[in-house]
2 protein chains.
Amino acid sequence: MTRLSIKKIIAEDIIDTDATVKGWIRSVRNSKKFSFIVLNDGSSQNNLQIIVDEVLPNYAEVAALLSGSAVSITGRLVKGGGKIPQIEMQGKVVEIIGKTDESYPLQKKATSLEFLREQAHLRIRTNTFGAIMRVRHHMAMATHKFFSDKGFFYLNSPIISGVDAEGAGEMFTISTLSSDITKAPKTKDGKLDFSRDYFGKETFLAVTGQLEGECYAMGLGSIYTFGPTFRSENSNTTRHLSEFWMIEPEVAFADLDEIAELATDYIKYLISYALEHASNELEFLYNREDATVDKNHMETLKHVRDSKFIRVTYTEALEILAKVDPAVKKFEYPTTWGSELQTEHERYLAEVHFKMPVIVTDYPKEFKAFYMKLNPDGKTVRAMDILVPGIGEIIGGSQREDSLEKLEKRMDEMGMDKEPLWWYLDLRRYGSVPHAGFGLGFERALMYVTGMGNIRDVIPFPRTPKNCDF
Amino acid sequence: MTRLSIKKIIAEDIIDTDATVKGWIRSVRNSKKFSFIVLNDGSSQNNLQIIVDEVLPNYAEVAALLSGSAVSITGRLVKGGGKIPQIEMQGKVVEIIGKTDESYPLQKKATSLEFLREQAHLRIRTNTFGAIMRVRHHMAMATHKFFSDKGFFYLNSPIISGVDAEGAGEMFTISTLSSDITKAPKTKDGKLDFSRDYFGKETFLAVTGQLEGECYAMGLGSIYTFGPTFRSENSNTTRHLSEFWMIEPEVAFADLDEIAELATDYIKYLISYALEHASNELEFLYNREDATVDKNHMETLKHVRDSKFIRVTYTEALEILAKVDPAVKKFEYPTTWGSELQTEHERYLAEVHFKMPVIVTDYPKEFKAFYMKLNPDGKTVRAMDILVPGIGEIIGGSQREDSLEKLEKRMDEMGMDKEPLWWYLDLRRYGSVPHAGFGLGFERALMYVTGMGNIRDVIPFPRTPKNCDF
């Protein structure tokens, strides 16, 4: 008998035929002469109800199955009763493949997200995580489709890196010496002798693929990365991961305006694609008991998809914030020009003031990385952050400094060692062109679309301080 | 004036109109009254020839431009002369954006692949690397399309890992303590105290995403990973990288036969897609002076795409090898049952004996990982390797042991510590089902399709022992 996926059965309305389905039991309900099995096979959010008659030879064993058990069921697909008739199966043969017992951690009783984080190897078997991870899949596909349709080339930037590209110092060191330092070669001052390490130098997990992305944009024109990036900062928040995925497009001959437009189009495309391909999943997630977004979050997303994003400069944003009546909203941090935009400010702008994603541009150079293009005012740089309601910063980008002289001057001002970045400076030495790009934190975008409140719930195996159990 | 990509101009045969093109000069040839600029913008393998008349105000400067310089040129697109008329541009305005000088490393004279490896930040500006990296892009897109069209979900397995999933011990340690061990907490025996490290334990760069893939297949049914994996083995060969990308599908309810078929279909799809989307690039690569494949490699690929893959068991493979006349081919390593298949054997099978990709199955358990399903003979496991001509092993896969008892027994036999893999064993404890999967080394597949002879040339920034300069 042909095995069919539940997704296919429902999408193609396959009835009045025999078929085999294989999956995991969500629940078993026994009535007098029948057992009702609710089966999910992962192919979609939909379950299939299978009615098993007590005449089946192994009926007693089937009726006693616990949720989480794996079965293969052959039977007839029919349209069931009820106000909105649903497809169900009249089971003829139930093959029990793998049982669960009372020790199975995912029992029918409500399991909290906190509890499920400790069951990261099993939580994909719940409706909630099935929904989240299918949305994740579709948004990843949307990303590749969006960029490749526009003629961008996918670039795998290196994960093992020899430089601190952001200058933030929050990096993991990679070594083959550190596993047993008693046997490792050391320098005179007692440190590991990285010159005798695997790569002959100290190496790190990459915090960004941008610099390598710039190299490739100078040959391929438009590229994007989509890969894991890493931060060793000690942040235990609902919005930080030590390992997260980023999408970083880089476009030769583009300025900040073009990249802001690209970022806007991309976010809208992600939303459209998720609404088109995973509306069942989103519907389910927004209606969860402990959902952190409105049940009508889908309407909010549609509004964002169809609206023009607000665009303000940092200077304008500070003016808005300075005018806020402290009786309405009292900020903890200052709102005078030259102050950093804090999360409270970002969220006020996006959630309260504009109620829309906001693109803030032209930040003071002191807050931003060395590679951003200086504005003619000498004080601000051609940077942008995109802030979304509920999450805060989701995208950071900039036009890059393409003048060798200005870039070297800025690196000197910041006391940076130019030598390790000789290759990056070469891009300005040979055939330099204006170029710009941005980075989108994939998990932050997922939080926004799925409405999940904790970033650890939108990545399969979250890595955070003291947490690498799976 | 609208900027057009050279790809679009040629694909849509855009002529008799004015347009702007932006890119990098491949060459400038000056005749009496004209300068002929060959421009590439990265959008495709095609260059555009632009004829610049000496009447242009900045003609002298333009005529003196060196290759690698960036320009923006506005002019009229016309059909040129010649036997096969090509589109060219009559330049009206040439804006010089970024020059190169005599120190530019990529001069017109032939630049060897070895030399270009030292210029990894610039080599994408050559025709060869433009071609390779566009093929890489298309094969990545093919991968996502192949699996998502079949209902597989893309899984981002973790990069930072707490276990040695292959048991091979060839792993990089990740730490925030190792950068300065003089200040780091240590255990009594003088080692780094990983319990006080960032993750509270020793962590590694993942060698595979398979185990986590299995977790997710038990919920989503069919998944695939496509991400970076790492090996710290000290291999300086043309086929090894320390950091490489792998595609690892995992399918619940599947056996080895189904996964062998999936792998075959996938390889054929990769070939079809590359031929369809990057034939210009492949044509260029096969005709390079130092190409390591025949000029008609495209015919070879078409043959592979259209043929049934050979399938033999390990036992049959050894019988074939044992019969080889030493006068024809003398093997260095033994060919008796129980000997490992060496590269010389693999290549003989694929290149000489079958002249086709070969699927070898059912290897002795001693050569394979702990998680592979034991055959009824008690000696061999349900493993497969796919060997391709010119490369050797490109895919390794297996049906997984789904019996908790048998898996634990095998781990005990191998002296493995079961505790760190408690979560992996849980998959066999609760709702266990037959399942199978494989891993394809993306760069090996790229070598096969592009015909490049060194794996360092098919990844943007190769990482190998003592080599992490970029």
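Every chain begins its residue count from 1, and numbering advances along the sequence as written. For naming, the first written chain is A and the first written ligand is 1, with later ones following in the order written. Where totals are concerned, whole chains, interfaces and linings use all residues; where local detail is concerned, this predicted model gives features only for residues with pLDDT of at least 70, and gives and counts side-chain atom pairs only at 80 or more. Only hydrogens and water are removed before side-chain values are computed, so all heavy atoms of the structure are retained for them.

Re the sheet that holds strand β12 (residues 310–313) of chain A
All names here are of chain A. An order of β6-β10-β11-β16-β15-β14-β13-β12 is seen for the 8 strands of this open sheet, with the pairing classed as mixed. One side of each edge strand has no neighbouring strand; the edge strands of this open sheet are β6 (153–155) and β12. Each adjacent strand pair in this sheet contributes to an overall mean axis angle of 20 degrees, direction not counted. Alignment of strand β15 (residues 392–399) against strand β16 (residues 435–441), held across 5 bridges, turns out to be antiparallel. The partner of G397 across the bridge, within β16, is F438. Contacts from helix α9 (residues 314–322) reach β12 and β13 (358–364) within the one sheet, and its direction differs from that of β12 by about 95 degrees. Along the sheet, helix α10 (residues 343–353) makes contact with β13, β14 (380–388) and β15, crossing β14 at roughly 60 degrees. Two strands qualify as a pair provided that DSSP identifies no fewer than 2 bridges between them. Each helix corresponds to a stretch of at least 4 residues labelled H or I by DSSP, and each strand to a stretch of at least 2 residues labelled E; elements are numbered beginning at the N terminus. Lines fitted to C-alpha atoms define the axes here, with helix axes fitted over just the stretch in contact, and angles between the N-to-C directions of these axes take values from 0 to 180 degrees. Contact between two residues is taken to exist if any of their heavy atoms lie within 4.5 Å; hydrogens are not considered.

Side note on helix α4 (residues 127–149) of chain A
Each turn of an α-helix holds 3.6 residues, which means side chains three or four residues apart point in the same direction. Residues and elements named next belong to chain A. Between the first and last residue of a helix there are one fewer steps than residues, each counted as 1.5 Å, and that sum is the expected span. Its 23 residues place the ends of α4 32 Å apart at the C-alpha level, agreeing with the 33 Å of an ideal helix rising 1.5 Å per residue. Residue exposure (1.4 Å probe, protein chains only): buried if accessible area is under 20% of the type maximum, exposed if over 50%, otherwise partly exposed. Burial of α4 is extensive: 19 of the 23 residues sit out of reach of the surface. Once α4 ends, the next one or two residues include G151, with phi positive near 85 degrees.

Brief notes about the domain arrangement of chain A
Residue and element names in this part refer to chain A. Domains are outlined according to an automatic or database domain assignment. Split into domains, chain A comes out as domain 1 (6–108), domain 2 (125–140 + 266–457) and domain 3 (177–204). Here the C-alpha centre of domain 2 lies 45 Å away from the C-alpha centre of domain 1. With 9 residues of domain 1 in contact, the opposing surface of domain 2 contributes 9 residues. By convention, the term buried area covers the 1.4 Å-probe accessible surface removed from two parts as they join, with the contributions of both added. Note on domain 1 versus domain 2: buried area summed over both sides is about 750 Å², and carbon and sulfur give 36% of it. Area buried by domain 1 at its contact with domain 2 is led by R26, Q45 and L106, which between them contribute 64% of it. Note on definitions: salt bridges are taken to be side-chain nitrogens of Lys or Arg within 4 Å of carboxyl oxygens of Asp or Glu. On inspection of domain 1 and its partner domain 2, the count reaches 0 salt bridges. Any pair of N or O atoms that falls within 3.5 Å is considered a polar contact. Within protein, one atom must be able to donate a hydrogen and the other to accept it, and sequence-neighbouring residues count only if both atoms are side-chain atoms. Applying the counting criterion to the domain 1 and domain 2 interface returns 6 residue pairs in polar contact (both at pLDDT 80 or more). For this classification, Asp, Glu, Lys and Arg are treated as charged, while Ala, Val, Leu, Ile, Met, Phe, Trp, Tyr, Cys and Pro are nonpolar and the rest, including Gly, are polar. Looking at the side of domain 1 that touches domain 2, its residues break down into 2 nonpolar, 6 polar and 1 charged.

A few points about the side chain of D41(B)
Checked against the element boundaries, D41(B) lands in the loop between β2 (34–40) and β3 (48–53). Neither His nor the chain ends is counted toward charge; the positive residues are Lys and Arg and the negative residues Asp and Glu. The buried charged residue D41(B) lacks any salt bridge partner; its closest oppositely charged side chain belongs to R3(B), at an N-O distance of 4.5 Å. Within the structure, D41(B) has its side chain in polar contact with the backbone nitrogen of I6(B) (distance 2.8 Å). Not counting the four nearest positions on each side in its chain, D41(B) is found in contact with G219(A), L220(A), G221(A), R3(B), L4(B), S5(B), I6(B), K22(B), G23(B) and W24(B).

Considerations on the environment of E419(B)
Its location among the elements puts E419(B) in the loop between α11 (404–413) and α12 (422–429). For E419(B) and L341(B), which are 78 residues apart along the polypeptide, the C-alpha to C-alpha distance reads 32 Å.

Overview of unusual backbone geometry
Residue and element names in this part refer to chain B. One non-glycine residue, D16, lies in the positive phi region at around 55 degrees. For D16, the position within the fold is in the loop between α1 (6–11) and β1 (17–30). Of note, the phi angle at K355 is positive, near 55 degrees, even though the residue is not glycine. Within the secondary structure layout, K355 lies in the loop between α10 (343–353) and β13 (358–364).

Remarks on the state of the cysteines
The definition used for a disulfide is geometric: two cysteine sulfur atoms within 2.5 Å. One pass over the structure, following the stated rule, counts 0 disulfides over all chains. Free cysteine: C215(A), not disulfide-bonded; nearest cysteine sulfur from C468(B) at 13 Å.

Some thoughts on the sheet that holds strand β11 (residues 243–252) of chain B
Residue and element names in this part refer to chain B. On the basis of which strands lie adjacent, the open sheet formed by 8 strands has the order β6-β10-β11-β16-β15-β14-β13-β12 and mixed pairing. A strand with exactly one partner marks an edge of an open sheet, and here the two such strands are β6 (153–155) and β12 (310–313). Neighbour-to-neighbour, the strand axes of the sheet open up by a mean angle of 20 degrees, direction not taken into account. In the sheet, strand β10 (residues 222–230) pairs with β11 via 9 bridges, with the strands oriented antiparallel. Pairing of I223 across the sheet is with E250, part of β11.

Remarks on the pattern of salt bridges
Residues and elements named next belong to chain A. The tally for this structure, following the rule as stated, stands at 58 salt bridges over all chains. A salt bridge links K365 to E413; the nearest nitrogen and oxygen atoms lie 3.9 Å apart. Linking K365 in the loop between β13 and β14 with E413 in helix α11 (residues 404–413), this pair joins segments that are 48 residues apart in sequence. For E413, a relative accessible area of 43% translates into the label partly exposed. One salt bridge connects E413 with K409, and the closest N-O pair in it is separated by 3.6 Å. With a gap of 4 residues between them, E413 and K409 both fall in helix α11, about one helical turn apart. The class for K409 is exposed, based on a relative accessible area of 55%.

What to know about the packing of helix α7 (residues 279–286) of chain B against helix α8 (residues 297–306) of chain B
All names here are of chain B. In the contact formed by α7 and α8, the axes pass within 9 Å of each other and the chain directions differ by 125 degrees. Judged by the angle between their axes, α7 and α8 are oblique. Residues S279, L282, E283 and Y286 of α7 form the contact with α8, whose own contacting residues are H297, M298 and L301. Class assignment for the residues of the contact of α7 with α8 results in 4 nonpolar, 2 polar and 1 charged. Roughly parallel here means an angle under 35 degrees, roughly antiparallel means over 145, roughly perpendicular means 65 to 115, and every remaining angle is called oblique.

Details of the packing of aromatic side chains
Each aromatic pair joins two rings of Phe, Tyr and Trp (for Trp, the six-membered one) with centres within 6.5 Å, and gets the label stacked for planes under 30 degrees apart, edge-to-face for over 60, and tilted for any other angle. The tally for this structure, following the rule as stated, stands at 48 aromatic pairs over all chains. Centre to centre, the rings of F199(A) and F172(B) are 5.5 Å apart; their planes meet at 15 degrees, and the pair counts as stacked. Within this pair, whereas F199(A) is found in the loop between β8 (173–175) and β9 (203–205), its partner F172(B) is found in the loop between β7 (160–161) and β8 (173–175), the two belonging to separate chains. Of the two residues examined, F199(A) and F172(B), each falls in the buried class.

Examining the interface of chain B and chain A
Listed by partner, the interface residues are 114 residues for chain B and 114 residues for chain A. For the chain B and chain A pair, buried surface summed over both sides reaches about 9,000 Å², with 64% attributable to carbon and sulfur atoms. Area buried by chain B at its contact with chain A is led by Y198(B), F253(B) and Y430(B), which between them contribute 9% of it. Joining chain B to chain A, the criterion identifies 2 salt bridges.

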